[in-house]
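Descriptive analysis of the structure
Chain by chain, the residues run as shown.
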Amino acid sequence: MQDYHDFIDEVLVDEKAIETRVAELGAQISRAYAGQELLIVCLLRGGLTFTADLTRHLTIPHTLDCMSLSSYGVGHYASSGNVRVNLDLMTNIEGLNVLLVEDIVDSGRTLAHVLHMLKTREPKSLQVCVLLDKKYRREVPVEVDYVGFDIPDKYVFGYGIDIDEHYRHLRFIASADMKKYKKTP
Ligand code: PRP
């Protein structure tokens, strides 16, 4: 695995800014669902770190389930538009308040796919919380209810987001200069 210092462009969101914003989102979501029960749906794998931190700021009763989706086809470092379900929910969501938690929305195809799929299961409500929004890359309109940060159209990594499955553990979110990145065999 290449040392990220070799290809980092800049830190876009540092650890302190993430902590502050995640706490704010937790408080906002807790207010919005006051007096109600909530099912948090973490979209693996990118949403794992954000979900773990966000749920520790929720003051309302909630349960957790996970889904895994991935896009496939052309274009390795960008969503190709075809979305595959690798792991479905274990929970029957009919009649439940569901909040999808995702690391990043880019083209919008992943979220559009999962929202369409979950709506057919007739939850009581279905909302979306994303940490990062790359607005300018949107190809499919999706309604996002809670956004951590708007970010520019750069390749990003850290805080759950990978490059070739590495760097998810970093406590900050940075952009990468992909001309300097070398994939290790
Ligand atoms: C990433 C990210 C989102 C999706 C966003 O997932 O976690 O799910 O891409 O892109 P889109 O808005 O263009 O669909 P990825 O398929 O890389 O899987 P991962 O979460 O396991 O890293």
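A few points on the structure. What you are looking at is a predicted structure, and each value in this text was computed from that prediction instead of being measured. (Residues numbered from 1 in each chain as written. Predicted model: local features only at pLDDT ≥ 70, side-chain atom pairs only at ≥ 80, totals over all residues. Heavy atoms only, no water.)

Among the 17 residues in the neighbourhood of the ligand, the closest are listed as Glu 102, Asp 103, Asp 106, Ser 107 and Thr 110. Contact between the ligand and Ser 107: an oxygen atom at 2.5 Å from a side-chain N or O atom of the residue. A distance of 3.1 Å is found between an oxygen atom of the ligand and a side-chain nitrogen or oxygen belonging to Arg 168. When isolated, the ligand has an accessible area of 500 Å², and the protein chains bury 84% of it. (Near = heavy atom within 4 Å. Polar contact = N/O pair within 3.5 Å; in protein donor to acceptor, adjacent residues only side chain to side chain. Areas by Shrake-Rupley, 256 points an atom, 1.4 Å probe, with all protein chains shown as cover.)

In this section: the layout of surface pockets. In this structure, the second largest pocket occupies an estimated 230 Å³ of space. Every element with two or more residues in the lining of the second largest pocket is listed here: helix H1 (15–32) and helix H2 (48–55). Ranked by residues supplied to the lining of the second largest pocket, first place goes to H1 with four residues. A breakdown of the residues in the lining of the second largest pocket according to their chemical character gives four nonpolar, three polar and five charged. (1 Å grid on protein atoms, 1.4 Å probe; cavity = no way out; pocket = protein on both sides within 12 Å on 5 of 7 lines; lining within 4 Å. Points joined across faces, edges and corners; volume = space filled by probe spheres on them. Helix = DSSP H or I, 4+ residues; strand = E, 2+ residues; numbered from the N terminus. Nonpolar A, V, L, I, M, F, W, Y, C, P; charged D, E, K, R; others polar.)

Here we come to the packing of H1 against H2. Relative placement of two packed helices is described by the angle separating their axes and the distance separating the axes. With their axes 9 Å apart at the nearest point, H1 and H2 run at an angle of 60 degrees to one another. With respect to their mutual orientation, H1 and H2 come out oblique. As for how H1 packs across H2, the hand of that crossing is right-handed. Contacts between H1 and H2 involve Val 22, Leu 25, Gly 26 and Ile 29 from the former and Phe 50, Asp 53 and Leu 54 from the latter. (Axes fitted to C-alpha atoms, helices over the stretch in contact; angles between N-to-C directions. Parallel < 35°, antiparallel > 145°, perpendicular 65-115°, else oblique. Left-handed = near helix turned anticlockwise from the far one by under 90°. Contact = heavy atoms within 4.5 Å.)

Let us look at the sheet that holds strand S1 (residues 8–13). Taken together, the three strands give an open sheet; going across it, the order is S1-S9-S8, and neighbouring strands pair in antiparallel fashion. The open sheet has two edge strands, S1 and strand S8 (156–157), and neither has a second partner. The sheet contact formed by S1 and strand S9 (residues 173–176) spans four bridges and is antiparallel. By the bridge assignment for S9, Val 13 is matched with Ile 173. (Pairing = 2+ DSSP bridges.)

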